[in-house]
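Given next are the chains, with one letter for each unit.
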Amino acid sequence: MNSSGAVSGTPGLRSAGGPQVLERVGPDPQRPRLAAGVTVVEPLAPEAPWIIQDGPDRYFRVSPDFASVANSLDGSTPLDELASQLGDPWTSDDVWRTWEQLVAKDLVGDREPRPTTTSAFKYVPPLTFQLTVLDPAKVLTPFTRLIRMVTGHRGFTLQILFALAGIISLVLRPSMVWSAATTPLSLTSYGAVALSFVVATAIHEFGHGAVLVSHGGRPSRMGVMLFYLAPAFFCDVSDGWRLPDRRQRVQIACSGITTQAVVGAVAAFASLLPVTAPIRHELVLFAAGTYLGGILNLIPFVKFDGYLALMSHLDIPNLREKAMGDARQFGAWVLFGARRDPELPQYRWAVAYGFACIGFPFVIVLQAVSLWSRALSQIGIVGLVGMIVGILGCALVVVRGWRRMITFAVQTGAPRLRIALVTGAAAAAVLAGSVLLQVPRTVQGGYFTGADGAVHFIMPAGAHDELARGDRIELYRSGVLGRQLVAEARVADPTSTAQVGPISAVAPVVTTMTTKYPDTVRLAVAAAPEAASGIAIWQGPQIPLWRFALDSYIKPLV
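Residues numbered from 1 in each chain as written. Predicted model: local features only at pLDDT ≥ 70, side-chain atom pairs only at ≥ 80, totals over all residues. Heavy atoms only, no water.

Asker: Looking at this structure, I do not really get the confidence of the model for the chain. What am I missing?
Answerer: Low pLDDT means the predicted atomic positions in that stretch should not be read closely. Per-residue pLDDT for the chain averages 82, and the proportion of residues at 70 or more is 86%. Throughout residues 1-25 the model reports pLDDT below 50, and contacts reaching past four residues in sequence, or to other chains, amount to 89 contacts. (pLDDT = per-residue confidence, 0-100. Contact = heavy atoms within 4.5 Å.)

Asker: Any chance you could explain the packing of helix α5 (residues 144-151) against helix α6 (residues 153-171) here in plain terms?
Answerer: Between two packed helices, what matters for the description is the angle formed by their axes and the separation of those axes. At a minimum axis separation of 4 Å, α5 and α6 run at an interaxial angle of 60 degrees. Viewed along their axes, α5 and α6 adopt a mutual orientation that is oblique. Counting all contacts with α5, which are made through M149, V150 and T151, the residues of α6 involved are H153, G155, F156 and Q159. By residue class, the composition of the contact of α5 with α6 is 3 nonpolar, 4 polar and no charged. (Axes fitted to C-alpha atoms, helices over the stretch in contact; angles between N-to-C directions. Helix = DSSP H or I, 4+ residues; strand = E, 2+ residues; numbered from the N terminus. Parallel < 35°, antiparallel > 145°, perpendicular 65-115°, else oblique. Nonpolar A, V, L, I, M, F, W, Y, C, P; charged D, E, K, R; others polar.)

Asker: Can you help me understand the packing of helix α11 (residues 305-314) against helix α12 (residues 319-336) in this one?
Answerer: Where α11 meets α12, the axes come as close as 10 Å, and the angle between the chain directions of the two elements is 85 degrees. With respect to their mutual orientation, α11 and α12 come out roughly perpendicular. Between α11, through Y307, L310, M311 and L314, and α12, the contact on the second element is made entirely by L319, R320 and E321. A breakdown of the residues in the contact of α11 with α12 according to their chemical character gives 5 nonpolar, no polar and 2 charged.

Asker: Just to check I follow, could you spell out the sheet that holds strand β8 (residues 230-236) for this structure?
Answerer: The strands making up a sheet associate through hydrogen bonds between their backbones, and the pairing can be parallel or antiparallel. Spatially, the 4 strands line up as an open sheet ordered β4-β5-β7-β8, and their pairing is antiparallel. Looking at which strands have only one partner, the edges of the open sheet turn out to be β4 (121-124) and β8. Averaged over all adjacent pairs, the angle separating strand axes in this sheet is 30 degrees, with direction ignored. Inspection of the sheet shows strand β5 (residues 128-134) paired to strand β7 (residues 221-227) by 6 bridges, in the antiparallel sense. (Pairing = 2+ DSSP bridges.)

Asker: Mind showing me how you'd approach the packing of aromatic side chains here?
Answerer: The description of an aromatic ring pair rests on the distance of the ring centres and on the angle between the ring planes. In total, this model carries 10 aromatic pairs according to the counting rule given. The interplanar angle of 80 degrees and the centroid separation of 6.3 Å between the aromatic rings of F330 and F355 together place this pair among those described as edge-to-face. Placement of F330 in helix α12 and of F355 in helix α13 (residues 350-376) is noted, with a sequence separation of 25 residues between them. With 5.8 Å between their ring centres and 85 degrees between their planes, F336 and W402 make a pair best called edge-to-face. Of this pair, F336 sits in helix α12 while W402 sits in helix α14 (residues 381-411), and the two are 66 residues apart along the sequence. According to the relative accessible area criterion, F336 is buried, its value standing at 0%. A residue is classified by how much of its surface remains accessible, and W402, at 24% relative accessible area, is partly exposed. (Phe/Tyr/Trp six-rings, centres within 6.5 Å; stacked < 30°, edge-to-face > 60°. Buried < 20%, exposed > 50% of the residue type's maximum accessible area, 1.4 Å probe, protein only.)

Asker: What is the right way to read the environment of A505 from this model?
Answerer: Along the chain, the position of A505 falls in the loop between β12 (483-502) and β13 (509-510). Every residue in contact with A505, bar those within four places of it in the chain, is listed here: G446, Y447, F448, I458, Y517, S533 and G534.

Asker: Looking at this structure, how should I read the pairing of strand β15 (residues 533-544)?
Answerer: Looking down a regular strand, the side chains alternate between one sheet face and the other. When strand β9 (residues 438-449) meets β15, the two strands line up antiparallel, connected through 10 bridges. Note on β15: the bridge partner recorded for G445 is A536. Taken together, the 4 bridges between strand β11 (residues 472-478) and β15 define a ladder with antiparallel strand orientation. Each bridged residue has a counterpart across the sheet, and for I473 the counterpart in β15 is W538.

Asker: I keep staring at unusual backbone geometry and nothing clicks. Help me out?
Answerer: It is generally the case that most residues other than glycine have a negative phi and that most peptide bonds are trans. Positive phi, close to 60 degrees, is recorded for D106, a residue that is not glycine. Counting through the fold element by element, D106 comes out in the loop between α3 (92-104) and β4. In the Ramachandran plot, D315 falls in the positive-phi region, its phi being about 60 degrees despite a non-glycine side chain. Along the chain, the position of D315 falls in the loop between α11 and α12.

Asker: Help me understand the pattern of salt bridges, please; the structure alone is not making it clear to me.
Answerer: Two side chains with opposite charge may pair up if their charged atoms get near one another. Enumeration according to the criterion identifies 11 salt bridges in this entry. The partner of R246 in a salt bridge is D315, with the nearest N and O atoms 3.9 Å apart. Taken together, the positions of R246 in helix α9 (residues 246-270) and D315 in the loop between α11 and α12 put the pair 69 residues apart, joining distant regions of the chain. Accessibility expressed as a relative area gives 26% for D315, which makes it partly exposed. In this structure, E474 engages R472 in a salt bridge whose closest nitrogen and oxygen atoms are separated by 3.0 Å. Overlapping salt bridges bring together R61, R246, R249 and D315 as one network. (Salt bridge = Lys/Arg side-chain N within 4 Å of Asp/Glu carboxyl O.)

Right, dumping it as structure tokens:
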């Protein structure tokens, strides 16, 4: 689930230390009014929260007192007189503090209303690009009664039991699952599996919207997106923040995973039918991939469904942003001696969780770069440029994060000399690590049995100068979800030659198509490998990190 609307926490209106002298900021306080397009939305039920909505997809959950002040901002009463109009226990400082929070969120003053969804394209920082395709409410609302039957307590229990039964059916067939994961398929089979994943992902998002509709809410947008360089679907269920019960919001967050698991169970049981081996492999691969996707969606460190469920369960909007802020404050306190003012002091785990939220997107991006680079490295410059862009992007995020810590430290009075010394030491540590840290030089290519009967190793660009006669090469049969070692070989002749070989040597696909590989070396094998083509990996010597980066990403470009 992707909820793209911004939601704030409940602002605090009163401070515990008596009146304070507040800085008067913002639009004209003599004519205080909400900005055009900003409305105060009453609760759906007595126990539900008040919401301030700004445009089509910005929601701010507020306290009843905060909503009362916001409702009074019609431009007729100066801010200094508003406290007396509201009556006890309001003070002028309370009203000004509320006003300043509204100013900080750009919810007051003379500005144009936020545009409605006239453009289908939307960018959501830091690295998400959304394209709206349809209004899910129009599709789902006519089936509200049926949806409530399916998503009710009994229906939800049956879904969970059916999904678990599908998992058990796969666990009892480990050899079949492993064979499907490590066996290449035909282009037709891949097309069928890919289309099935697209349909399952769309059903997943409809699951979010359906549960929101069943609770009286309205999903606003649904479409496709690039989420940290990975293609995905999204359904905007920001309206769920208006619901009175946090358990309803947790159910909305988890409903996509539940729906996806049911689809996976259908495929798992279908694979038990008397079908041909390729179709059985397709069904098992789809079922295993669907379950795996559901498990990954539970990860709470990025805005996956697991995070939204955790945030809803704790009833803390913007949990991730607050935890990351606490983590940065902790880092600035440890490194620079800055003062701390944590937003989540009630949770001892908040700082560790915040650091995990900061670091996990790097794991996603680097994994995406790795996956794309393995596919693109065989076609030269395109794959290398993609890898470099991804790595530089990660480095830029690290630099920006460090700069934010320094800014916070300066604002809280940390010694500037200490900030400079720690920053210099950190830069020196990075340089020293690039020199002292040893990593294995691993080269992944492909192999195939040529027309001459010999086995040839396809080398990525720039690697042929490092290979020596007698080096060990591991040969693997590769599938979509795994690979299996089928043979070991030695470099018989490190001289690079051009050879014509099958496409299946660089991609896990069964096809008769061939292409010309400019850099191959001949291998010596004790026996012909079980698979005529597949992945080949050369484990080189340990080299410094800077040398690894130079050989992997720079040399092939020059």
